[in-house]
Amino acid sequence: MSNPPRRRIVGILVLLGCLFGLMVWFGSLAPAPDVGAYPGSEELGTDYDAWVGDQVSLTGTVTDTDPLTINAEYGAGEQVRLRVTNAAVDAQLDDSLSVYGVVEPAQTIRSLNAYTVPPANYLYMYAVSFLAGLWVLGRIVRSWRLDETWSLVPRETPLGIRDIVPRPNHTEDRDA
């Protein structure tokens, strides 16, 4: 049975549409602490008092260490400033602090569990991910090819580095 490229493209577009629809649907779900979906900065930023006494899970940037204070973003660049108590972490300014705790009055979160991530860890994560992506792309280009039906098929013999990047011909320089 033939599988023309047009049919594959339509299939890919349908799957991408489903993926986008599921992302929008998941983003519209309300917090449900009984199944592990705790309220976060979005809910605290829009109606803080409604969540007093409930458990929350959120991440923010440390803006002060005495008392431990974070700014958590929500909405379109808006921020809610929260004081964190009972956090057994050594937080530094500009660290990313993830907190699981109980909402208390006066913009305070009583921490049940917290951890910090220094800003340099994000740079490391993106750099390693970028290099890993290049490595995977190189492996795909070296070992696979597209056939006439736009299918990935394994190469009979993998490409070498000289097949991908041609070497300049230096024999002309020697003859002159």
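This structure is a prediction, so every number in the text was calculated from the model and none was measured.

### Let's talk about the overall build of the protein chain
Alright, step 1. Of regular secondary structure, the protein chain possesses five helices and seven strands.
Alright, step 2. In the protein chain, the succession of helices and strands from N to C terminus is α-α-β-β-β-β-β-α-β-β-α-α.
Alright, step 3. Taking 2.2 N^0.38 as the reference for a compact globule, 176 residues should give roughly 16 Å; the C-alpha atoms of the protein chain span a radius of gyration of 26 Å, well beyond that estimate.
Alright, step 4. For the protein chain, the spread of C-alpha atoms along the three principal axes comes to 80 × 55 × 25 Å.
Alright, step 5. Looking at the protein chain residue by residue over its 176 residues, the buried ones come to 22%.
Alright, step 6. Of the roughly 13000 Å² of accessible surface on the protein chain, 59% is carried by carbon and sulfur atoms.
Alright, step 7. Looking at the protein chain, you have 13 positive and 21 negative side-chain charges, and the mean spots of the two groups are 18 Å apart.

### Regarding the sheet that holds strand 4 (residues 96–104)
Two strands in a sheet stick together by hydrogen bonds in their backbones, pointing the same way (parallel) or opposite ways (antiparallel).
Alright, step 1. Read once around its circumference, the closed barrel built from five strands follows the order 1-2-3-5-4, with strand pairing classed as mixed. This sheet shows a mean twist of 50 degrees between the axes of neighbouring strands, independent of strand direction.
Alright, step 2. Both strand 1 (residues 55–65) and strand 2 (residues 68–74) contribute to a ladder of four bridges, which runs antiparallel. Across the sheet, the residue bridging to Asp 64 is Thr 69, located in strand 2.

### Notes on the pairing of strand 3 (residues 78–85)
Alright, step 1. Judged from the six bridges that link them, strand 2 and strand 3 form a sheet pairing that is antiparallel. Residue pairing across strands places Glu 73 opposite Gln 79, the latter belonging to strand 3.
Alright, step 2. Connecting strand 2 to the next strand, strand 3, in antiparallel fashion are three residues, including Gly 75 with a positive phi near 60 degrees.

### A short note on the packing of aromatic side chains
Alright, step 1. According to the stated counting rule, one finds one aromatic pair in the structure shown.
Alright, step 2. Each ring, one from Tyr 38 and one from Tyr 100, has its centre 5.1 Å from the other, and the planes form 65 degrees; the classification is edge-to-face. A residue pair is termed long-range when its members are at least 10 positions apart, and Tyr 38 in the loop between helix 1 (5–27) and helix 2 (41–46) and Tyr 100 in strand 4 qualify at 62 residues.
Alright, step 3. Residue classification places Tyr 38 among the partly exposed residues on the basis of a relative accessible area of 28%.

### Structural notes on the pattern of salt bridges
Alright, step 1. Scanning all chains against the criterion turns up one salt bridge.
Alright, step 2. Between Glu 104 and Arg 110 there is a salt bridge, with its nearest N and O atoms 2.7 Å apart.
Alright, step 3. Residue Glu 104 is classed as partly exposed on the basis of its relative accessible area of 25%.
Alright, step 4. Residue class for Arg 110 comes out partly exposed when judged on its relative accessible area of 29%.

So, how was this worked out
Residues numbered from 1 in each chain as written. Predicted model: local features only at pLDDT ≥ 70, side-chain atom pairs only at ≥ 80, totals over all residues. Heavy atoms only, no water. Helix = DSSP H or I, 4+ residues; strand = E, 2+ residues; numbered from the N terminus. Rg over C-alpha atoms; globule rule 2.2 N^0.38 Å. Buried < 20%, exposed > 50% of the residue type's maximum accessible area, 1.4 Å probe, protein only. Areas by Shrake-Rupley, 256 points an atom, 1.4 Å probe, with all protein chains shown as cover. Lys, Arg positive; Asp, Glu negative; His and termini not counted. Charge placed at Lys NZ, Arg CZ, Asp CG, Glu CD. Pairing = 2+ DSSP bridges. Axes fitted to C-alpha atoms, helices over the stretch in contact; angles between N-to-C directions. Phe/Tyr/Trp six-rings, centres within 6.5 Å; stacked < 30°, edge-to-face > 60°. Salt bridge = Lys/Arg side-chain N within 4 Å of Asp/Glu carboxyl O.

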